[in-house]
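Here is what each chain is made of, one letter per residue.
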Amino acid sequence: MSLFLPKLCCKKDIDEVIKGVAEKVLVLRFGRDEDTICLQLDEILSKTSHDLSNMASIYLVDVDKAPIYTRYFDISYIPSTVFFFNGQHMKVDYGSPDHTKFVGSFKTKQDFIDLIEVIYRGAMRGKLIVQSPIDPRNIPKYDLLYHGI
């Protein structure tokens, strides 16, 4: 499914997209094309990309080709999805310790659509962090690697 979504191969490409996407939510999926969970997420992203084209631009980033951003966003688990709006990193309170990214795959297309709508509306109102509309049972659970340090 990742054949239908544009891929960013290097830091320069990622920087240009972050700076260039205006008045839309920028979705960066960090992962690997051969990973099964990434493929599940890519299917959801590609199926919703047309419906969300007025409020979101979706790109795929290979964690091995963008190590600077992988370290910067602390991508320890894949897939991880990061959101921006007008060059500003958007944070989402998922009820987990990490608000900087969504880790794992969305359970349904509607979960992803709802999240993009909430981020878009919040960003248009000047918010930098929004509350996740996703049912907590549909959010993957994980432990932070640096928890307790």
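Residues numbered from 1 in each chain as written. Predicted model: local features only at pLDDT ≥ 70, side-chain atom pairs only at ≥ 80, totals over all residues. Heavy atoms only, no water.

Caption draft 1: Spatial organisation of the nonpolar core. Val 25, Phe 83, Phe 106, Phe 112, Leu 115, Ile 116 and Ile 119 are the most contacted members of the largest nonpolar core, which totals 27 residues. Of all the secondary structure elements, the ones that give two or more residues to this core are β2 (25-31), α2 (36-49), β3 (56-62), β4 (80-85), β5 (88-93) and α4 (109-124). Counting residues per element, this core draws most heavily on α4, which supplies six residues. Judged by nonpolar contacts, the second largest core, of 17 residues, contains Ile 18, Leu 26, Tyr 59 and Phe 84. (Core = buried A, V, L, I, M, F, W, Y, C linked by side-chain atoms within 4.5 Å. Buried < 20%, exposed > 50% of the residue type's maximum accessible area, 1.4 Å probe, protein only. Helix = DSSP H or I, 4+ residues; strand = E, 2+ residues; numbered from the N terminus.)

Caption draft 2: Main features of unusual backbone geometry. Cis geometry marks the peptide bond from Ile 78 to Pro 79; its omega dihedral reads -5 degrees. Here Pro 79 is to be found in the loop between α3 (67-72) and β4. Positive phi, normally seen in glycine, also occurs at Glu 23, with a value near 60 degrees. Structurally, the position occupied by Glu 23 is in the loop between α1 (11-20) and β2.

Caption draft 3: Structural detail: the pattern of salt bridges. Enumeration according to the criterion identifies nine salt bridges in this entry. As a salt-bridge pair, Asp 42 and Arg 29 come within 2.8 Å of each other at their nearest N and O atoms. Of the two residues, Asp 42 is situated in helix α2 and Arg 29 in strand β2; the sequence distance between them amounts to 13 residues. A residue is classified by how much of its surface remains accessible, and Asp 42, at 0% relative accessible area, is buried. Here Asp 98 and Lys 101 are joined by a salt bridge, their closest N and O atoms 2.6 Å apart. Pair check on accessibility: Asp 98 and Lys 101 agree, each one buried. (Salt bridge = Lys/Arg side-chain N within 4 Å of Asp/Glu carboxyl O.)

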